[in-house]
Amino acid sequence: EREFDIRQLYIKYEGDNPTGTQKDRIAFAQVYDALRRDYDTVTLATCGNYGVAMALAANLAGIKCKIFIPESYHTERIEEMNALNAEIIRFPGSYENVVKKSTDTAIKNDWYDANPGGANTPLQISAYSQIAHEIYEELGDAPKYCAAPVSNGTLFAGIFRGFITLYKRGKTSRIPKMIAASSTHKNPIVTSFKKGLSYCEDLNPDNIKETKYNEPLINWHSFDGDEALYALTESNGEAFHISDKKMREMSSFLSKKEGLRILPASTAGLIALLELDEKLNFE
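This section reports on the structure supplied with the text. (Residues numbered from 1 in each chain as written. Predicted model: local features only at pLDDT ≥ 70, side-chain atom pairs only at ≥ 80, totals over all residues. Heavy atoms only, no water.)

**Focus: the overall build of the protein chain**
- Across its full length, the protein chain carries ten helices and seven strands.
- A globule of 283 residues ought to have a C-alpha radius of gyration of about 19 Å, and the protein chain, at 18 Å, matches this closely.
- Buried residues in the protein chain amount to 51% of all 283 residues.
- Surface accessibility of the protein chain: about 14,200 Å² in total, with carbon and sulfur atoms responsible for 47%.
- Of the side-chain charges in the protein chain, 33 are positive and 39 negative, and the distance between the mean point of each set is 1 Å. (Helix = DSSP H or I, 4+ residues; strand = E, 2+ residues; numbered from the N terminus. Rg over C-alpha atoms; globule rule 2.2 N^0.38 Å. Buried < 20%, exposed > 50% of the residue type's maximum accessible area, 1.4 Å probe, protein only. Areas by Shrake-Rupley, 256 points an atom, 1.4 Å probe, with all protein chains shown as cover. Lys, Arg positive; Asp, Glu negative; His and termini not counted. Charge placed at Lys NZ, Arg CZ, Asp CG, Glu CD.)

**Details of the sheet that holds strand β1 (residues 41-45)**
- With parallel pairing, four strands are arranged side by side in an open sheet as β3-β2-β1-β4. Strands with a single pairing partner mark the edges of an open sheet, and in this sheet they are β3 (87-91) and β4 (112-113).
- Across two bridges, β1 lies against β4 in parallel orientation. Considered in β4, the bridge of T43 is made with D113. (Pairing = 2+ DSSP bridges.)

**Describing the nonpolar core**
- In this structure, V42, M54, C65, I67, F156, I159 and F163 are the most contacted members of the largest nonpolar core, which totals 59 residues.
- When residues in this core are grouped by element, the largest group, eight residues, is from helix α2 (residues 49-61).
- Those residues within four positions of I159 in sequence are excluded, and the remaining contacts are Y128, S129, I131, A132, C146, A148 and M178.
- Ranked by size, the runner-up nonpolar core spans 21 residues in total, among them I6, I179, I262 and F282. (Core = buried A, V, L, I, M, F, W, Y, C linked by side-chain atoms within 4.5 Å. Contact = heavy atoms within 4.5 Å.)

**Focus on the pattern of salt bridges**
- Scanning the model with the defined rule gives 14 salt bridges in all.
- Here K257 makes a salt bridge to E3, at a shortest N to O gap of 2.8 Å. Of the two residues, K257 sits in helix α9 (residues 244-258) while E3 sits in the segment before α1 (23-36), which places them 254 residues apart along the sequence.
- Among the residues examined, E3 registers a relative accessible area of 49% and is labelled partly exposed. (Salt bridge = Lys/Arg side-chain N within 4 Å of Asp/Glu carboxyl O.)

**Let's talk about the pairing of strand β7 (residues 238-242)**
- With respect to burial, β7 is a largely interior element, four of its five residues being buried.
- Sheet topology note: the strand β6 (residues 177-183)/β7 ladder contains five bridges and is parallel. Counted as the bridge partner of A180 is A239 from β7.

**Observations concerning the packing of helix α6 (residues 154-168) against helix α8 (residues 225-234)**
- Where α6 contacts α8, the two axes come as close as 8 Å, and the packing angle between them is 45°. When the axes of α6 and α8 are compared, the pair comes out oblique. Along this stretch, α6 crosses α8, giving a crossing that reads as left-handed. Each of F156, A157 and F160 in α6 lies in contact with α8, whose residues at this interface are E227, A228, Y230, A231, L232 and E234.
- Across the contact of α6 with α8, the residue classes tally to seven nonpolar, no polar and two charged. (Axes fitted to C-alpha atoms, helices over the stretch in contact; angles between N-to-C directions. Parallel < 35°, antiparallel > 145°, perpendicular 65-115°, else oblique. Left-handed = near helix turned anticlockwise from the far one by under 90°. Nonpolar A, V, L, I, M, F, W, Y, C, P; charged D, E, K, R; others polar.)

**Overview of the sheet that holds β7**
- Read across the open sheet, the three strands follow the order β5-β6-β7; overall the sheet is parallel. Every interior strand has two partners, whereas the edge strands, β5 (145-149) and β7, have only one. When the angles between neighbouring strand axes are averaged without regard to direction, this sheet yields 20°.
- Bridge count between β5 and β6: five bridges; the pairing is parallel. Bridge pairing in β6 links Y145 to K177.
- Along the sheet face, helix α10 (residues 268-280) touches β5, β6 and β7 and points at about 115° away from the line of β7.

**Some points on the side chain of E215**
- Within the element layout of this structure, E215 appears in the loop between α7 (188-194) and α8.
- If we ignore the near neighbours within four places in the chain, the residues touching E215 are C47, Y73, H74 and E210.

**Looking at α2**
- For α2, which comprises 13 residues, the first-to-last C-alpha distance of 19 Å matches the rise-based estimate of 18 Å (1.5 Å per residue) to within 8%.
- When α2 is considered as a whole, its buried residues turn out to be Y50, G51, V52, A53, M54, A55, L56, A57 and A58.
- For α2, the elements touching its buried residues are α1, β1, β2 (64-70), α3 (78-83) and α5 (121-139).
- Of the residues one or two after α2, G62 is the one with positive phi, at around 80°. (Expected span 1.5 Å × (residues − 1).)

Just geometry here; none of it tells us what the structure is for.
Okay, structure coming up:
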C-alpha cells in the first residue's frame, strides 16, 4: 500500500496449499469425486503445477494418476510427480492437443477425466469458488475490485461464481469488478474481451510463443474461456495484457519486499490491478 499509494490492497496467497498453488483445490475435489464414482485412474494434461496437485491427491487416495505433458514443455515439477507415483506420458503438439489426447484416452479406458473444459468443469468452478468465500470471511464484504491471472479461465470463473453466490445470499453488499490479466496477446480471454466479443475467440496457434515466464498463462484456446468472459462482462470488469518483463520485475519485487517466492505468471493480476489504479486512482 505504501509503495503504490493505495489505501487498501490485499493479496490472496495460495502458496500455503499442499503443493504450493491453487491447483490443489480442484485436484482434491476431483479425486474425491473419482473415488465416490468408483474410478481407479485419473488423467489430465498439464504444464506443471496441476500435475503435481493431482499426483498428490491421487497418491493419498490410492488411485492411479496418468499425466500427459507436451513434449516441448519443460518443468522442474516432473520429479515431484514421479515421486508421487504418477505416470508421465509425453505427447507431441501444443497443450491444447495434449488435453484432447488425455480426454480421448480417458473415454477409451474409462478413466476419470480431470481436464479443463470437460464434463467436470462445474466441479472445478465450484472448487475455485471457495476462494471468494475465504476473501469474504477475511474482509467481511466483497472487495470493490478482484484481479486474477487467466489461462483457461477456470479459476477466474470460479472466483466470480463464489462472489455471485455470496451476493445472492445477502452476505455481501456488492459483486466485485473482475480484473483479468494474461500474457500479452497470448490469451483468448483477454483478447476477446478487448475486442468486445460475446464469446471467447481462439487465437492463431502460430502466434503463441512460449517463454519460461508466460508458460502458465498462454494458450490459443481457453477451455473455460466463455465462462471467464461472462464473468468479465457481467461484472463490468477490465482485462490487461501483461509483458514478461513486468511479471519478472513484480516477482522480484515481492520476493524482496515480502519474502515470498511467487511465480512471475502469478503476479499478472496484481500488475493489472495496479495499472487500473494508475488509470482510475482508486479511492
